[in-house]
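Chain by chain, the residues:
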Amino acid sequence: MGKRTYAIIGTGALGGFYGAKLQKAGNNVHFLLKSDYLQVKQHGLLIESKDGDFILPQVNAYNDAEKMPRCDVVVVALKTTQNHLLPQILPSVVKHDGVVLVLQNGIGIEAEISQIVSNTYILGGLCFLCSNKVSPGHIHHLDYGQIALGEYASNYLPTGITDRMREIAGDFQNAGISIELAEDLLLGRWKKLVWNIPYNGLSVILNATTDELMADIHTCQLVKQLMFEVAAGAKSTGRIIPDSFIQTMLDYTVKMTPYRTSMKIDFDECRPLEVEAIFGNSLNKAESAGVNLPQIRCLYQQLQFLNARIQNSVLT
Ligand SMILES: NC(=O)c1ccc[n+]([C@@H]2O[C@H](COP(=O)([O-])OP(=O)(O)OC[C@H]3O[C@@H](n4cnc5c(N)ncnc54)[C@H](OP(=O)(O)O)[C@@H]3O)[C@@H](O)[C@H]2O)c1
Ligand SMILES: CC(C)(CO)[C@@H](O)C(=O)[O-]
């Protein structure tokens, strides 16, 4: 097989960064954009990265999915709040027997996509990335970048490590993106939520950065309790997250450059928050297995209140 073609659905902080790295390494990449389309079509992408800045003066830019060629790997990099658009986008972009690779945060999205596309493999990637879009076509990669890659099977049954995962991992690794292969995608998704649920949620509710949350004894305790609730959620679906992993996440955050989470940035910019994909879907999974996660539900209810306020302010 020749080189795989890639479509990036949502060329923002994450899609713009990984897509640009893939193109720089010689892959054939096609970028779907919305408001940045003209700027990127005319001037390409600028990546300012702690690993080295670079410019791609010319990229394959589109503002209409139907004009994109069918690609081998279609990377979903929209905010999950825009996933209602996927039924219009994915079927025309992914090749028969191609791959949809979900790089979004949250849980349960691969299952939703399996209802949209057929004859398609679905992979998920947990991205340990700190990246922001600072202006149209200008991405600022602040830290990290590793992806844990897993494959989706019906009901999130673990697939082990497949050839498809290895092949796609190879393209990313050749592009300088570090990849870990995950035998069990659902376990990987819960593990990522151990970070996203406490920090994304509390950063918005408490108007705080990660370092501020870790510096205070009360919020540090709250973060830890929320992490243990995520582990209880994982357990309700038969996945075990060891206590040592929770300690690793706490240590990781203490060492991290002080960070304004993506949910906090969305909140500050009055954009819809990814509450359903991160909180709502986790609660649904646990509660349908008969397990309540009261602290996560409390955060969810507060975030929904703020989310509704954002939607109303955008409408008025
Ligand atoms: N950024 C990170 O470091 C990071 C790390 C881990 C996980 N994630 C996850 O990755 C996902 C993407 O996040 P992000 O930070 O990359 O968000 P983002 O910077 O907002 O990027 C999303 C992009 O999608 C574009 N878009 C929206 N609607 C579109 C449409 N109809 N057609 C084409 N493009 C459209 C947006 O364009 P407009 O600006 O024109 O609306 C935006 O550029 C989220 O689930 C996030 O939680 C991000
Ligand atoms: C956890 C994180 C801050 C960096 O690993 C990022 O992946 C995120 O915002 O999801």
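Rules behind the numbers
- Residues numbered from 1 in each chain as written.
- Chains lettered and ligands numbered in written order.
- Predicted model: local features only at pLDDT ≥ 70, side-chain atom pairs only at ≥ 80, totals over all residues.
- Heavy atoms only, no water.
- Helix = DSSP H or I, 4+ residues; strand = E, 2+ residues; numbered from the N terminus.
- Rg over C-alpha atoms; globule rule 2.2 N^0.38 Å.
- Contact = heavy atoms within 4.5 Å.
- Areas by Shrake-Rupley, 256 points an atom, 1.4 Å probe, with all protein chains shown as cover.
- Near = heavy atom within 4 Å.
- Polar contact = N/O pair within 3.5 Å; in protein donor to acceptor, adjacent residues only side chain to side chain.
- Nonpolar A, V, L, I, M, F, W, Y, C, P; charged D, E, K, R; others polar.
- Buried < 20%, exposed > 50% of the residue type's maximum accessible area, 1.4 Å probe, protein only.
- UniProt positions renumbered as here; feature names shortened; annotations may be inferred.
- Expected span 1.5 Å × (residues − 1).
- Arc of directions from axis to C-beta.
- Pairing = 2+ DSSP bridges.
- Core = buried A, V, L, I, M, F, W, Y, C linked by side-chain atoms within 4.5 Å.
- Phe/Tyr/Trp six-rings, centres within 6.5 Å; stacked < 30°, edge-to-face > 60°.
- Lys NZ or Arg CZ within 6 Å of the ring centre and 35° of its normal.

> What is the right way to look at the overall build of the protein chain in this model?
Helix and strand counts for the protein chain come out as 12 helices and 10 strands. Relative to the globule expectation of 20 Å for 316 residues, the C-alpha radius of gyration of the protein chain, 19 Å, shows essentially globular dimensions. Reported as C-alpha extents along the three principal axes, the dimensions of the protein chain are approximately 50 × 40 × 40 Å. Intrachain contacts of the protein chain at a sequence separation of at least 6 include 68% that bridge at least 24 residues. Taken as a whole, the protein chain presents about 13,900 Å² of accessible surface, with 51% of it coming from carbon and sulfur.

> Mind showing me how you'd approach the site of ligand 2 here?
Neighbouring residues of ligand 2: N105, C127, F128, L129, C130, K192, W195, N196, Y252, M256 and Y259. Here an oxygen atom of ligand 2 sits 2.5 Å away from a polar atom, N or O, in the side chain of Y252. Bound to the protein, ligand 2 loses 98% of the 280 Å² it would expose on its own. The set of elements that each furnish at least two residues to the shell around ligand 2 consists of β8 (121-135) and α6 (185-205). Sort the elements by how many residues they give to the shell around ligand 2 and β8 lands first, with 4 residues. Taken together, the residues of the shell around ligand 2 break down into 8 nonpolar, 2 polar and 1 charged.

> Is there a simple way to explain the side chain of S236 in this structure?
Mapped onto the fold, S236 is located in helix α8 (residues 217-236). A distance of 2.6 Å separates a polar side-chain atom of S236 from the backbone oxygen of G233. Once residues lying within four places of it in the same chain are set aside, the contact partners of S236 are K285, A286, A289 and V291.

> Sorry if this is basic, but what is going on with unusual backbone geometry here?
Trans peptide bonds make up most of the peptide bonds, and negative phi angles are found at most residues other than glycine. Here Y156, not a glycine, exhibits a phi torsion of approximately 60°, which is positive. Note on placement: Y156 falls in the loop between β9 (138-151) and α5 (163-174). Y156 gets classed as buried once you look at its relative accessible area, which sits at 4%.

> I would appreciate a short explanation of the UniProt feature "domain: Ketopantoate reductase N-terminal" (unreviewed entry) in the protein chain in the present structure.
Sites flagged by UniProt as "domain: Ketopantoate reductase N-terminal" (unreviewed entry) map to residues 6-153. Helix makes up 22% of residues 6-153 and strand 43%. Its end C-alpha atoms lie 22 Å apart.

> How should helix α12 (residues 294-315) be read in this particular structure?
Along an α-helix, residues three or four apart share an orientation, since each turn contains 3.6 residues. With 22 residues, α12 should reach 32 Å at 1.5 Å per residue; the first-to-last C-alpha distance of 31 Å fits that figure. Along α12, the positions that sit buried rather than exposed are I296, L299, Y300, L303, L306, N307 and I310. In a view along the axis of α12, the buried residues occupy a sector of 135°, so they form one face of it. Residues of α12 that are exposed and point more than 90 degrees away from the buried face comprise P294, F305, R309 and L315. Here the buried face of α12 lies against α6, α8, α10 (262-268) and α11 (275-288).

> Can you walk me through the site of ligand 1 in this structure?
Near ligand 1 there are 23 residues, and of these A13, L14, S35, S131 and E274 occur at the shortest range. Separating an oxygen atom of ligand 1 from a side-chain N or O atom of S35 is a distance of 2.3 Å. The contact in question runs from an oxygen atom of ligand 1 to an N or O atom on the side chain of N105, over 2.9 Å. Relative to its unbound accessible area of 890 Å², ligand 1 is 87% covered by the protein chains. With 5 residues, β8 is the largest single contributor of residues to the shell around ligand 1. Along the lines of polarity and charge, the residues of the shell around ligand 1 split into 11 nonpolar, 7 polar and 5 charged.

> Just to check I follow, could you spell out the pairing of strand β2 (residues 28-32) for this structure?
The side chains of a regular strand alternate between both faces of the sheet. Within β2, 4 of the 5 residues are buried, leaving the element largely enclosed by the surrounding structure. Bridge count for strand β1 (residues 5-9) against β2 is 5 bridges, and the pairing is parallel. Among the inter-strand pairings, Y6 is bridged to a residue of β2, identified as V29. Examined bridge by bridge, β2 and strand β5 (residues 60-62) share 3 bridges and lie parallel to one another. The partner of L32 across the bridge, within β5, is Y62.

> Can you help me understand the nonpolar core in this one?
Considering soluble globular proteins, one finds that nonpolar side chains tend to be buried as a cluster. The biggest cluster of nonpolar side chains holds 69 residues, and the ones touching the most others in it are I9, I113 and F279. With near-sequence residues (within four places) excluded, I113 lies in contact with V76, L86, L90, V100, V102 and I122.

> Mind showing me how you'd approach the packing of aromatic side chains here?
The way to describe two aromatic rings as a pair is by their centre distance and the angle between their planes. Counted according to the given criterion, the structure contains 6 aromatic pairs. An aromatic cluster is defined as three or more aromatic residues linked by ring pairs; in this entry it consists of Y6, F17, Y18 and F172. In this structure, K24 packs its charged tip against the face of F54, placed 4.9 Å from the ring centre. Over the face of the ring belonging to Y121 we find R164, whose NZ or CZ atom lies 3.5 Å from the ring centre.

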